[in-house]
Amino acid sequence: MSLVRKSAAELGALVASGDVSAVEVAQAHLDRIAAVEPRVNAFLHVDAETTLAQARAVDARRAAGDDLGPLAGVPIAHKDVFTTTDMPTTAGSKILEGYRPPYDATVTRRLREAGLVILGKTNLDEFAMGSSTENSAFGPTRNPWDLSRVPGGSSGGSSAAVAAYEAPLSTGTDTGGSIRQPAAVTGIVGMKPTYGGSSRYGLIAFASSLDTPGPFARNVLDAALLHEAFSGHDAMDATSIDAPAPSVVEAARQGEVAGLRVGVVREFGGEGYQPGVLARFHESVELLESLGAKVVEVSCPSFTTALPAYYLIAPSEASSNLARFDAMRYGLRVGDDGTRSAEEVMALTRAAGFGPEVKRRIILGTYALSSGYYDAYYGQAQKVRTLIARDFEAAFHQVDVLISPTTPTTAFPIGERADDPMAMYLADLCTIPANLAGNAAISVPCGLADEDGLPVGLQIMAPVLGDDRCYRVAAAVERALEDRWGGGLLSKAPGL
Amino acid sequence: MTVSNCHSMKRVQRLMSAITRDEVAHLARLSRLALADEELDHFAAQLDQIIGAVARVAEVAADDIPPSSHALPLTNVYRPDEVRPCLTPAEALAAAPAVEDARFRVPRILGEEA
């Protein structure tokens, strides 16, 4: 089997034993990137020399007898919203084109410490705002299952890179579903850790009370290994949880659901959901029952207002966070001809540097926070947020995990929703509640929709700091389905 | 109808009013976005639709529900007030659009001519 088809765990073991060098592993992935990138466009930046230098350092550590971790020498694609000192960091925006940050994000630093070899930076919806990666200022990424369709978003470069075997692992960030939705529509695993379980330091902010870094992988164990490598307390992030991290790798290895209480969210299904998505979801429910889980239906009535609450809270926070792009200290500056004031230069720069979705959200957020509208919009959305957290709390008195489809539909065609914001926002219908309440949630492949042959994701939601439960259930589903299919879901994907 | 329902109804009625192009232009000025006329037209129509949809939050009876600004219970985090390594001036200025005398050079910030 070629190196690019191997799992991260296998690659880590091969490098640790010395059977394969980290340089060979990196080169195999760089070759794959060169072969498929013209069609996929998952990366904004690839630099073979920087990548190979990291790989050589891992090989040198091994030669010196250093104790290497399980992911040392394993390549990774890094979402271009985390700062990196040795690669540009753009957040998919013209306003940061060519920007070189002066420091590494905590997630970046921990990838380096684990000996992961960063292949490059992946494409995303500008400032992580979107569900298709079409909002990138640098062109859309294509879904490896069908190049005419989106790979999800905002972390669509990261999902496509893993699904196209350009990298065994990638990083993402999930503010309203930006890891789980792209994972679902590309047939891979994507995890949103508990809010505060992974550090936001050096993550370019979109909505600070929601933004959560997390892993992508082609299987559950690999996702858990990466999760463990970069999560945990960080003094540089004031919202980081100072508590022991859940043992997610152990849970992924165990994958046992006998006796586990599983709740099906009544509010997610029916009208607006693609039949093939619902069919695979109902099969997953039966599968969990056959594995010994006790499945019941659970009602979470406030989840139906999660989407409107999110599209008030997230743009409000974004309008404030993106005020930092003022053309003064870094990034683009437009119109500074010696006659214009700082304020005029600022307005010209922001108009030229931000794309349409970012502008829409800044204006929407400014509106929601305006005097006279604040109570009716932002204030009311914050109350809905409380109700959603209470629904989760009540549900987790009855069950150990909640499940739903990850997305209402499979991957949609590029261009279909590009200028229809409300249609685009619906892609996050099922993923948003876990962001508003801070819960852990994962998406694991559960089959292909009959009508279009495209991947469907099963979402598993757990309480705050119950990340291990997500991995436990996801691993059980994955094992049972792979037995049935005779391999992973990606083995059914058309070759590139 | 309860008092709380009555309040919600009033809110719904108030929120039914569409956002105007002039309001969007005002918000763009507040947000320091120099939008072109055609952008304003386009956004006004889209924002009207989005605001119509998100206004559904007003239908939730939540008068006695405390707001959550955050997912987790948080308290302020302090660290010892001691000198620690930080960026050098050269590092901090490296990505600046314009630099003069080891400082960020900015366009004029006052009303009078430079």
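Above: the structure in question.
Cut-offs applied
Residues numbered from 1 in each chain as written. Chains lettered and ligands numbered in written order. Predicted model: local features only at pLDDT ≥ 70, side-chain atom pairs only at ≥ 80, totals over all residues. Helix = DSSP H or I, 4+ residues; strand = E, 2+ residues; numbered from the N terminus. Rg over C-alpha atoms; globule rule 2.2 N^0.38 Å. Buried ≥ 20, exposed ≤ 12 C-beta atoms within 10 Å, placed from the backbone. Contact = placed C-beta atoms within 7 Å. Nonpolar A, V, L, I, M, F, W, Y, C, P; charged D, E, K, R; others polar. Axes fitted to C-alpha atoms, helices over the stretch in contact; angles between N-to-C directions. Parallel < 35°, antiparallel > 145°, perpendicular 65-115°, else oblique. Pairing = 2+ DSSP bridges. Core = buried A, V, L, I, M, F, W, Y, C linked by C-beta atoms within 7 Å.

Within chain A, the secondary structure is distributed over 16 helices and eleven strands. Scaling as 2.2 N^0.38, a compact globule of 496 residues should have a C-alpha radius of gyration of about 23 Å, and chain A matches this with 21 Å. Its C-alpha atoms give chain A principal-axis dimensions of about 70 × 55 × 45 Å. Among the 496 residues that make up chain A, the fraction classed as buried is 64%. Summarising the internal contacts of chain A: among those between residues at least 6 apart in sequence, 77% fall at separations of at least 24.

For the rest of this paragraph, the subject is the overall build of chain B. Counting its regular elements, chain B contains four helices and two strands. Element order for chain B, N to C, with α for helix and β for strand: α-α-α-α-β-β. Each of the 114 residues in chain B was classed as buried or not, and the buried ones make up 19%. Restricting the contact set of chain B to residue pairs at least 6 apart, pairs at least 24 apart contribute 50%.

In this section: the interface of chain B and chain A. Tallying the contact residues gives 47 residues for chain B and 55 residues for chain A. Of all elements in the fold, only α1 (3-16), α2 (21-30), α3 (37-54) and α4 (89-93) of chain B reach the threshold of two or more residues within the side of chain B that touches chain A. Among the elements that take part in the side of chain B that touches chain A, α3 of chain B stands out by supplying seven residues, more than any other. Looking at side-chain class alone, the side of chain B that touches chain A contains 34 nonpolar, six polar and seven charged residues.

Okay, the packing of helix α10 (residues 306-321) of chain A against α3 of chain B next. Axis separation between α10 of chain A and α3 of chain B bottoms out at 8 Å; the angle between their running directions is 125 degrees. Accordingly, the angle class assigned to the pair α10 of chain A and α3 of chain B is oblique. Listed contacts from α3 of chain B to Pro308, Tyr311 and Leu312 of chain A of α10 of chain A are Ile50, Ala53 and Val54 of chain B. Split into classes, the residues belonging to the contact of α10 of chain A with α3 of chain B amount to six nonpolar, no polar and no charged.

Residue and element names in this part refer to chain B. Its location among the elements puts Gly52 in helix α3. Judged by local crowding, Gly52 falls into the partly exposed class, with 14 C-beta atoms found within 10 Å. Considered as a pair, Gly52 and Thr20 are 32 residues apart in the sequence and their alpha carbons are 13 Å apart.

For the rest of this paragraph, the subject is the sheet that holds strand β1 (residues 43-46) of chain A. Residue and element names in this part refer to chain A. Taken in spatial order, the eleven strands make up an open sheet running β1-β3-β2-β4-β6-β5-β10-β11-β9-β7-β8, and their pairing is mixed. Only two strands of the sheet have a single neighbouring strand rather than two, namely β1 and β8 (294-298). Direction aside, neighbouring strands of the sheet carry axes that sit 30 degrees apart on average. Looking at chain direction, strand β4 (residues 169-174) and strand β6 (residues 212-217) are connected through six bridges and run antiparallel. Paired with Gly172 across the two strands is Gly214, which belongs to β6. Helix α2 (residues 22-40) contacts β1, β2 (75-79) and β3 (117-122) of the sheet and is inclined by roughly 20 degrees relative to β3.

Counting 186 residues, the largest nonpolar core has Val189, Ile460 and Ala474 of chain A as its most contacted members. Discounting chain neighbours no more than four positions away, the residues touching Ala474 of chain A are Val189, Val220, Ile442, Val444 and Ile460 of chain A.

This next bit is on the environment of Arg180 of chain A. All names here are of chain A. On the secondary structure map, Arg180 appears in helix α6 (residues 180-186). For Arg180, a count of 35 C-beta atoms within 10 Å puts it in the buried group. Residues Arg180 and Gly190 lie ten residues apart in sequence; the distance between their C-alpha atoms is 5.1 Å. Not counting the four nearest positions on each side in its chain, Arg180 is found in contact with Asp174, Gly190, Lys192, Thr406, Thr431, Ala441, Ser443, Gly457 and Gln459.

To continue, consider the pairing of β6 of chain A. One face of the sheet, then the other: side chains in a regular strand alternate in exactly this way. All names here are of chain A. Within β6, six of the six residues are buried, which leaves it mostly tucked inside the rest of the structure. One ladder, built from two bridges, connects strand β5 (residues 189-192) with β6; its direction is antiparallel. The residue bridging Gly190 from the neighbouring strand is Phe216, located in β6.

Below, the discussion takes up helix α5 (residues 156-163) of chain A. Along α5 of chain A, eight of the eight residues are buried, which leaves the element largely enclosed by surrounding structure. For α5 of chain A, the set of buried residues is Gly156, Gly157, Ser158, Ser159, Ala160, Ala161, Val162 and Ala163 of chain A.

Here we come to unusual backbone geometry. Residues Gly153 of chain A and Ser154 of chain A are joined by a peptide bond in cis, for which omega reads 10 degrees. With respect to the element layout, Ser154 of chain A can be found in the loop between β3 and α5. Unlike most non-glycine residues, Leu465 of chain A shows phi in positive territory, near 65 degrees. Take Leu465 of chain A: it is sitting in the loop between β11 (455-462) and α16 (467-485). In this structure, Ala102 of chain B is a non-glycine residue whose phi angle is positive, near 60 degrees. Positionally, Ala102 of chain B belongs in the loop between β1 (99-100) and β2 (103-104).

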